[in-house]
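# A look at the structure
These are the residues of each chain, in order.
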Amino acid sequence: MSLFKQFTHKKIGIVKFDAATTLPEVALTDKSYNRILFLRAGSALRVDFQKHTLRQDALFFIGSNQFFEVEDNNRFKGYVIYFNRDFYCIQIHEKEVSCDGILYNNVYGTSAVTLTKEHARTMEAILEEIAEEMQRDDTAVEEMLRILVKKVIIKSTRLWKENAGYAQQDDQPEAEFLRQFSQLVESHFRKRHGVADYADLLNITPKALSKRLNRYRSETPNDIIKDRIMLEAKRLLLYTDMTVKEISYNLGYEDPAYFNRLFVKTTGIAPAEFRRQPSGVVKQAG
């Protein structure tokens, strides 16, 4: 099953797939779309150089700037929703659903939400409702689809917080702080490379920033910033024809030699060698 709707510039599609299905290229690689993947246990995929083999059903939120590929097509089963910014803008609606920096643009890692059997049934029912709505042809379809997508996002944001240990009311301020830091790093990593830069944006001291992050994260603020920079460097090396020097400038480093040393120190491999022999880190999810 593959369905697609377009309302002027607003676009949304949904595909129900299994091992025998070839996903449309637009759902895999078109950079104008954000995607939501509902995957069955046993599915395997790679997102931004990390391999995920699922032991239980899960949702993945793949931003328009991310890359993913099917790792083992024989075990890949579920749904994918893809929608462009005009249909539903994560940043514009972030005050309503608070998913920016958590489900999308999360600098702490891939935004995967593992599901219990009950949660999986609930999510699948919403996805089936989306598919049914896609086959209607009346004036309310566009808004109904947007409501259903928002429903998936809100429920997933709640589950993400529960899974991450932020379910209690007392934890909400810290969860919001982590989200704000994630948003800031995602927005500014090309030009702001130091912990003090983000402490200033948050109106706190670098020491206070480190202390608050350490309550819930094992990484230091500096590690998180550098990891985000290196992730973008890997994307540009693997998926573009930019030279190492051009990538260095793109990421805010005026000295390509310094950028080269930083890449080696962080990844253990030179940028040119990474481009020739790309590799990912195996990660188990769910």
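Scroll up a little and you will see the structure.
An account of the accompanying structure is given in this report. (Residues numbered from 1 in each chain as written. Predicted model: local features only at pLDDT ≥ 70, side-chain atom pairs only at ≥ 80, totals over all residues. Heavy atoms only, no water.)

### As for the sheet that holds strand β9 (residues 112-114)
Formally: Two strands are said to pair when DSSP picks up at least two bridges between them. Each helix is a run of DSSP H or I of at least 4 residues and each strand a run of E of at least 2, with the numbering of both proceeding from the N terminus. Note on geometry: axes are lines fitted to C-alpha atoms, helical ones only across the stretch in contact, with angles between N-to-C directions running from 0 to 180 degrees.
Taken together, the 6 strands give an open sheet; going across it, the order is β1-β2-β8-β3-β6-β9, and neighbouring strands pair in antiparallel fashion. Each end of this open sheet is capped by a strand with a single partner; those strands are β1 (2-7) and β9. Within this sheet the neighbouring strands show an average axis-to-axis angle of 10°, counted without direction. In the sheet, strand β3 (residues 33-39) pairs with strand β8 (residues 78-84) via 7 bridges, with the strands oriented antiparallel.

### A word on the pairing of strand β2 (residues 10-17)
Pairing of β1 with β2 involves 6 bridges; the strand directions are antiparallel. Bridge pairing in β2 places Gln6 opposite Lys11. As consecutive antiparallel partners, β1 and β2 are separated by 2 residues, and within that stretch Thr8 has a phi angle of approximately 60°, a positive value. Direction of pairing for β2 relative to β8: antiparallel, over a ladder of 6 bridges. The partner of Val15 across the bridge, within β8, is Val80.

### Focus: the pairing of strand β4 (residues 44-47)
Heads up, the rule is: Here the term buried applies to any residue with accessible area under 20% of the maximum for its type, exposed to any over 50%, and partly exposed to those in between, with areas from a 1.4 Å probe on protein chains only.
Both faces of β4 are covered, namely the face carrying Ala44 and Arg46 and the face carrying Leu45 and Val47. With 4 bridges connecting them, β4 and strand β5 (residues 50-54) associate as antiparallel partners. Looking at β5, one finds that Arg46 is bridged to Lys51. Linking two consecutive strands that pair antiparallel, namely β4 and β5, is a turn of 2 residues; a positive phi of about 50° is found at Asp48 within it. Alignment of β4 against strand β7 (residues 68-70), held across 3 bridges, turns out to be antiparallel. Looking across to β7, one finds that Val47 is bridged to Phe68.

### Quick notes on the packing of helix α5 (residues 172-188) against helix α7 (residues 206-214)
Basically, it comes down to this: Should an angle lie under 35 degrees it is considered roughly parallel, over 145 roughly antiparallel, and from 65 to 115 roughly perpendicular; all remaining angles are considered oblique. Handedness of a crossing follows from how the near helix is turned relative to the far one, being left-handed for an anticlockwise turn of less than a right angle and right-handed for a clockwise one. Any pair of residues with heavy atoms lying within 4.5 Å of one another is described as a contacting pair. All amino acids are sorted into three groups, where Ala, Val, Leu, Ile, Met, Phe, Trp, Tyr, Cys and Pro are nonpolar, Asp, Glu, Lys and Arg are charged, and the leftover types, Gly among them, are polar.
Packing of α5 against α7 brings their axes to within 10 Å, and their N-to-C directions diverge by 120°. Put simply, α5 runs oblique to α7. Here the hand of the crossing between α5 and α7 comes out left-handed. Of the residues in α7, those in contact with Pro173, Glu174, Phe177, Leu178 and Phe181 of α5 are Leu209, Arg212 and Leu213. In the contact of α5 with α7, the residues fall into 6 nonpolar, no polar and 2 charged.

### Quick word on the packing of aromatic side chains
Filter applied, for reference: Each Phe, Tyr or Trp ring, with Trp reduced to its six-membered ring, pairs with another whose centre is within 6.5 Å; inter-plane angles below 30 degrees give stacked pairs, above 60 give edge-to-face pairs, and intermediate values give tilted ones. As a reminder, the over-ring test applies to NZ of lysine and CZ of arginine, requiring each to be within 6 Å of the ring centre and within 35 degrees of the ring normal.
Under the definition given, this model contains 13 aromatic pairs. Arranged with centres 5.8 Å apart and planes meeting at 40°, the rings of Tyr253 and Tyr258 form a pair that is tilted. Through a chain of ring-to-ring contacts, three or more aromatic side chains come together here, namely Phe49, Phe67, Tyr239, Tyr253, Tyr258, Phe259, Phe263 and Phe274. Lying across the ring of Phe67, Lys31 places its NZ or CZ 4.0 Å from the centre. Positioned over the ring face of Phe177 is Arg212, at 3.9 Å from the centre of the ring.

### Some remarks on the nonpolar core
Going by this rule: We define a nonpolar core as any set of buried Ala, Val, Leu, Ile, Met, Phe, Trp, Tyr and Cys residues linked to one another through side-chain atoms lying within 4.5 Å.
By size, the foremost hydrophobic cluster in this structure holds 33 residues, and its most contacted members are Ile12, Ile36, Phe83 and Ile130. Those elements giving two or more residues to this core turn out to be β1, β2, β3, β6 (58-62), β8, α3 (117-134) and α4 (141-164). Per element, the largest residue contribution to this core is 8 residues, and it comes from α4. Counting residues in each nonpolar core, the second largest holds 30 residues, with Ile229, Ala233, Leu236 and Leu251 among its members.

### Describing the side chain of Gln66
Relative to the helices and strands, Gln66 resides in the loop between β6 and β7. According to the relative accessible area criterion, Gln66 is buried, its value standing at 12%. Filtering out sequence-adjacent residues up to four positions away, Gln66 remains in contact with Lys31, Arg35, Val47, Asp48, Phe61 and Arg235.

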